[in-house]
Amino acid sequence: MTMSSDDPRLVVIHPSQLAGTVLPVSPGRRSLGRGQAADLRLDDPYLSFIHAALSQTGGQTSVEDLGSRNGTSVNGEPVRRPRVLHDGDVVQFGMVRARYEVPGSTGMIPPARPAQEPPVRFDIDRQAGGQINNVGRDQYNHYFQQRDSFLREVAAARTRSLRLIWLSLALMFGGGLVYLWGFYSTANSFGRSFGDIFNNIGNPEAGKPPSLGNLFDEQGFALSAIGYTVGAVGAMLFLIALIMHIIAAARGRKVDTDPRHAWNAPVQRG
C-alpha cells in the first residue's frame, strides 16, 4: 500500500525488535492485531488477534480497544471508549508502544520500515445473474463489524462482572462488621447476665431469685442476624460475578477460534 508522506502514522518505539515499524493511519476504519485478519499486523505475543481499531474521520484519528486481553492505553490511561489521538500521544497495545505522529506538526520523521500487512486480493468468484462479488478485504467489512460488536459485548460483560465482584466484596465486608458488632454486644449482655445470676446465688439476702430473662441482648442478636444475612448475600453475589467473569473471559479467548462465529467460517470458492 502506498503511503503519503502527509498521512498520520503510528511509529513503534517498543519493543526493540519492532522499533521503527510504521503503521499508516489512512481514512476509514482499520483493525490492528497479530492475527492474519488484522489490517495492521504486528507479530507480538502480547497482542490479541484483533486487538484494537484505528479510525480516521473528519481529519481526526481515534483508537478503540476491541476487548483485548492485555488492553490498550493512551499516555498511560486505559482506553475504555473510542479516544481521539493528538500528535505526540503514546499508544500502548498490550506491551507494544507506538507514538502517534502527524507530519505537518512534528516535522521530519525518522526513516522506518513499513508494517507487515496482508496483501489485498481481488478474486472473482462464480457470478450469477448480475451479482458480482469482490473477494477482498472490503468484502468482509460486515464480518469485522460483527467481530467488533461481539468483542464490545464481551468487554461490557467483563465490566459488569467486575462491578458486581466489588459490590459483593463490600456486602461481605459490611455484613461481617455488623455481625461482629452484634455478636460482641450479645456476648457482653450474656456475660453480665450470668454475673448477676451468680451474684444473686451467692448473696441470699438479695431478696430476689436469679433471672434468666436478660441472658441475650435482643438488639445485638438482631444485628448479628442482619450482618450474617448481608454477608451471605454478598458471598452468593461474589460466586455469581466470578462465574460471569470466567464465562466472559472464555468467550473473549474464543473470538478467533470458535467456528460458530461467521468470521471464522472457511471461505467457499467455486
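Computed from a predicted model, the values in this text were never measured in an experiment.

1. Structural notes on the overall build of the protein chain
Next, step 1: For the protein chain, the count of helices and strands is three helices and 13 strands.
Next, step 2: Within the protein chain, the fraction of its 270 residues that count as buried is 34%.
Next, step 3: Contacts spanning at least 24 positions in sequence make up 52% of the contacts within the protein chain whose residues lie at least 6 apart.
Next, step 4: When the accessible surface of the protein chain is totalled, it reaches about 16700 Å², and 58% of it is carbon and sulfur.

2. Here we look at the environment of Arg 30
Next, step 1: With respect to the helices and strands, Arg 30 occurs in strand β3 (residues 28-33).
Next, step 2: When its relative accessible area of 7% is taken as the criterion, Arg 30 is described as buried.
Next, step 3: On a C-alpha basis, the gap between Arg 30 and Gln 56 in space is 8.9 Å, while along the polypeptide they are 26 residues apart.
Next, step 4: A polar side-chain atom of Arg 30 sits 3.3 Å from the main-chain carbonyl oxygen of Pro 24.

3. Focus: the side chain of Ser 168
Next, step 1: With respect to the element layout, Ser 168 can be found in helix α2 (residues 141-202).
Next, step 2: Using a relative accessible area of 0% as the deciding quantity, one classes Ser 168 as buried.
Next, step 3: Among the polar contacts listed, one links the side chain of Ser 168 to the backbone oxygen of Ile 165, at a separation of 2.7 Å.
Next, step 4: Not counting residues up to four positions away in its chain, the partners in contact with Ser 168 are Gly 234, Leu 237 and Phe 238.

4. A short note on the pattern of salt bridges
Next, step 1: One pass over the structure, following the stated rule, counts three salt bridges.
Next, step 2: Its salt-bridge partner being Glu 64, residue Arg 29 comes within 3.3 Å of it at the nearest N-O pair. In this pair, Arg 29 is assigned in strand β3 and Glu 64 in strand β6 (residues 60-65), connecting sequence segments 35 residues apart.
Next, step 3: A relative accessible area of 39% places Arg 29 in the partly exposed class.
Next, step 4: On the accessibility criterion, Glu 64 (10% relative accessible area) is buried.

5. So, the sheet that holds strand β1 (residues 9-14)
Next, step 1: Taken together, six strands build an open sheet; the order of strands is β2-β1-β11-β10-β7-β8 and the sheet is antiparallel. Two strands in the sheet have a free side with no partner beyond their single neighbour: β2 (22-24) and β8 (77-78).
Next, step 2: Bridging between β1 and strand β11 (residues 96-101) involves five bridges; their strand directions are antiparallel. Across the sheet, residue Arg 9 finds its bridge partner in β11, namely Glu 101.

6. Notes on the UniProt feature "transmembrane region" (unreviewed entry) in the protein chain
Next, step 1: Here, the residues flagged by UniProt with the feature "transmembrane region" (unreviewed entry) are residues 164-184 and 225-250.
Next, step 2: With 100% helix and 0% strand, the stretch residues 164-184 has end C-alpha atoms that lie 30 Å from each other.
Next, step 3: Measuring from the first to the last C-alpha atom of residues 225-250 gives 38 Å, for a span that is 100% helix and 0% strand.

7. With respect to the side chain of Ser 55
Next, step 1: Among the secondary structure elements, Ser 55 is positioned in strand β5 (residues 52-57).
Next, step 2: Judged by its relative accessible area of 14%, Ser 55 falls in the buried class.
Next, step 3: In terms of polar contacts, Ser 55 uses its side chain to reach the side chain of Arg 29, at 3.5 Å.
Next, step 4: Filtering out sequence-adjacent residues up to four positions away, Ser 55 remains in contact with Gly 28, Arg 29, Gln 60, Thr 61 and Ser 62.

8. Remarks on the packing of aromatic side chains
Next, step 1: If you walk through the whole model with that rule in mind, you get one aromatic pair.
Next, step 2: With centroids separated by 6.4 Å and ring planes inclined at 50 degrees, the aromatic side chains of Tyr 179 and Tyr 228 adopt a geometry described as tilted. With Tyr 179 in helix α2 and Tyr 228 in helix α3 (residues 218-253), the pair connects residues that are 49 residues apart, well separated along the chain.
Next, step 3: Here Arg 34 stacks its cationic end above the ring of Phe 49, 4.3 Å away from the centre of that ring.

Conventions used here
- Residues numbered from 1 in each chain as written.
- Predicted model: local features only at pLDDT ≥ 70, side-chain atom pairs only at ≥ 80, totals over all residues.
- Heavy atoms only, no water.
- Helix = DSSP H or I, 4+ residues; strand = E, 2+ residues; numbered from the N terminus.
- Buried < 20%, exposed > 50% of the residue type's maximum accessible area, 1.4 Å probe, protein only.
- Contact = heavy atoms within 4.5 Å.
- Areas by Shrake-Rupley, 256 points an atom, 1.4 Å probe, with all protein chains shown as cover.
- Polar contact = N/O pair within 3.5 Å; in protein donor to acceptor, adjacent residues only side chain to side chain.
- Salt bridge = Lys/Arg side-chain N within 4 Å of Asp/Glu carboxyl O.
- Pairing = 2+ DSSP bridges.
- UniProt positions renumbered as here; feature names shortened; annotations may be inferred.
- Phe/Tyr/Trp six-rings, centres within 6.5 Å; stacked < 30°, edge-to-face > 60°.
- Lys NZ or Arg CZ within 6 Å of the ring centre and 35° of its normal.

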